[in-house]
Amino acid sequence: MKDQEKLLKIHAKALGIPSGSAEIFIKKSIAAAEKSLKNRKIILEKDRVRAISKELKKYHKDLAYVYENFDKI
């Protein structure tokens, strides 16, 4: 999950989100996503991105959108 955290920090900086706020969103979102995926035996990257994006939407919808669609933009 460190890779996702680093990528999310880069996206947050690009969107102009203050680093302190972004770090809080990211840590909470990743922790919640890990918790929701904990019981699954096979976790695809797509599942992980979807779970993190779902949690990020609670804090910052633009960051969630950019993260979810990064490879498509």
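This text goes with the structure placed above it.
Residues numbered from 1 in each chain as written. Predicted model: local features only at pLDDT ≥ 70, side-chain atom pairs only at ≥ 80, totals over all residues. Heavy atoms only, no water.

## Remarks on the packing of aromatic side chains
Both the distance between ring centres and the angle between the ring planes are used here to describe each pair of aromatic rings. All told, the structure shown has one aromatic pair when counted by the stated rule. Judged by centre distance (5.8 Å) and plane angle (15°), the rings of Phe25 and Tyr59 are stacked. Pair noted here: Phe25 is in helix 2 (residues 19-37) and Tyr59 is in the loop between helix 3 (45-56) and helix 4 (61-68), with a separation of 34 residues, a long-range link. (Phe/Tyr/Trp six-rings, centres within 6.5 Å; stacked < 30°, edge-to-face > 60°. Helix = DSSP H or I, 4+ residues; strand = E, 2+ residues; numbered from the N terminus.)

## With respect to the pattern of salt bridges
Any two side chains of opposite charge can pair, so long as their charged atoms come close to each other. As enumerated under the stated definition, the model contains six salt bridges in all. The partner of Arg40 in a salt bridge is Asp47, and the shortest N-O contact between them spans 3.6 Å. Using a relative accessible area of 41% as the deciding quantity, one classes Arg40 as partly exposed. Taking the shortest distance from any N to any O, the salt bridge between Glu45 and Arg48 comes out at 3.6 Å. Highlighted residues: Glu45 and Arg48, both in helix 3, separated by three residues, approximately one helical turn. Overlapping salt bridges, with partners in common, bring together Glu5, Lys9 and Lys27 in one network. (Salt bridge = Lys/Arg side-chain N within 4 Å of Asp/Glu carboxyl O. Buried < 20%, exposed > 50% of the residue type's maximum accessible area, 1.4 Å probe, protein only.)

## Details of helix 3
Its twelve residues give helix 3 an end-to-end C-alpha distance of 16 Å, which sits within 8% of 16 Å, the value for a rise of 1.5 Å per residue. Within the span of helix 3, buried status applies to Asp47, Val49, Ala51, Ile52, Ser53, Glu55 and Leu56. Tucked into the core, helix 3 has its buried residues touching helix 1 (2-15), helix 2 and helix 4. (Expected span 1.5 Å × (residues − 1). Contact = heavy atoms within 4.5 Å.)

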